Amino acid sequence: VASFHGDTNGLATKPVLTAVLKAMASDSKLAGHRLIFGMDANTYENAKPGKQEDVLDFGQHYVKAGLTSAWGDVPNPKNYTTYNARTYLQPQLNKACKSTEKREKGDVNPKDFILFPKKDFAVVQTWKDNTGKKKYIEDMAFPTLDFPSDHGILHTIIEPTDKHAKSK
């Protein structure tokens, strides 16, 4: 099990994933283990080329590495796990916006992933939560007084594939 919190623009996400996979493959003590990697990849629906990590490009990267995600091989760019905006009461005024502009100027992106080898695991169920009550309300800004995180919670149930189970 590995975890990673990406840099703001997500540009370190692919190199870190590649490094983890390389480290596992090159260490005989790790080579036989199966990776489950939870991450805030900081990917973007409409990335600025060369400045932010595009969610679909990231999906192509993990698939090329033999992985899939709780979202599948091709993540939906509109499957948001963040929906937040800074107010004028917070210290970073350059990121602040009016409440009527929070959807357009806020951070509304598909940033969170659980990755694993496609040959080893299959998704049974995946869901997200921005309430703390195992449900996700689309188009609701958070954090809230009841849900203090600026990222939704990503849940997934995976099971070993038949191919892996037969090799045991």
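Undergrad: Can you help me understand the packing of aromatic side chains in this one?
TA: Two measures describe an aromatic ring pair: the distance that separates the ring centres and the angle between the ring planes. Enumeration over the complete set of coordinates arrives at six aromatic pairs. Where F116 meets F121, the ring centres are 6.1 Å apart and the plane angle is 85°; that geometry is what we call edge-to-face. The exposure class of F121 is buried, given its relative accessible area of 9%. Seen in terms of ring centroids, F142 and F147 are 5.8 Å apart; in terms of plane orientation they differ by 80°. Their pairing is edge-to-face. Residue F142 shares its accessibility class with F147, and that shared class is buried. It is K128 that lies over the ring of Y136; its NZ or CZ is 4.2 Å from the centre.

Undergrad: How should the sheet that holds strand 1 (residues 2-5) be read in this particular structure?
TA: The strand order across the open sheet built from four strands is 1-2-6-5, with neighbouring strands paired in mixed fashion. Looking along the sheet, the strands with just one partner apiece sit at the ends: strand 1 and strand 5 (67-69). Strand-to-strand, the axes of this sheet are offset by a mean angle of 25°, without reference to chain direction. Across four bridges, strand 1 lies against strand 2 (residues 37-40) in parallel orientation. In the strand pairing of strand 2, A2 is matched with F37. Docked against the sheet, helix 1 (residues 13-26) engages strand 1, strand 2, strand 5 and strand 6 (112-117), running at close to 165° with respect to strand 2. Of the strands in this sheet, strand 2, strand 5 and strand 6 are in contact with helix 2 (residues 55-64), which crosses strand 6 at around 15°.

Undergrad: Explanation requested: the side chain of N42 in the structure shown.
TA: Note on placement: N42 falls in the loop between strand 2 and strand 3 (43-44). One polar contact links the side chain of N42 to the main-chain carbonyl oxygen of G6, over a distance of 2.9 Å. At 2.7 Å, the side chain of N42 and the backbone oxygen of D7 are in polar contact. Leave out the neighbours within four places in its chain, and N42 touches G6, D7, T8, N9, G10, E53, K111 and H151.

Rules behind the numbers
- Every chain begins its residue count from 1, and numbering advances along the sequence as written.
- Owing to the predicted nature of the model, reporting of local features is limited to residues with pLDDT of at least 70; listing and counting of side-chain atom pairs is limited to 80 or more, with chain, interface and lining totals taken over all residues.
- No hydrogens and no water enter the side-chain calculation; it runs on all heavy atoms of the structure.
- A pair of aromatic rings is counted whenever rings of Phe, Tyr or Trp (Trp by its six-membered ring) have centres within 6.5 Å, and the orientation is called stacked for planes under 30 degrees apart, edge-to-face for over 60 and tilted otherwise.
- Exposed residues in this analysis have more than 50% of their type's maximum accessible area, buried residues have under 20%, and partly exposed residues fall in between, with area computed by a 1.4 Å probe over protein chains only.
- Here, a charge over a ring is recorded when the distance from Lys NZ or Arg CZ to the ring centre is within 6 Å and its angle to the ring normal is within 35 degrees.
- One bridge is not enough; two strands pair if DSSP finds at least two bridges between them.
- Helix numbers and strand numbers start at the N terminus; a helix is a DSSP run of H or I with at least 4 residues, a strand a run of E with at least 2.
- All axes are obtained by fitting lines to C-alpha atoms, using only the stretch in contact for helices, and the reported angles, taken between N-to-C directions, cover 0 to 180 degrees.
- Any two residues having at least one pair of non-hydrogen atoms within 4.5 Å are treated as being in contact.
- Polar contacts here mean pairs of N or O atoms no more than 3.5 Å apart (in protein, one a potential hydrogen donor and the other a potential acceptor; neighbouring residues in sequence count only if both atoms are side-chain atoms).

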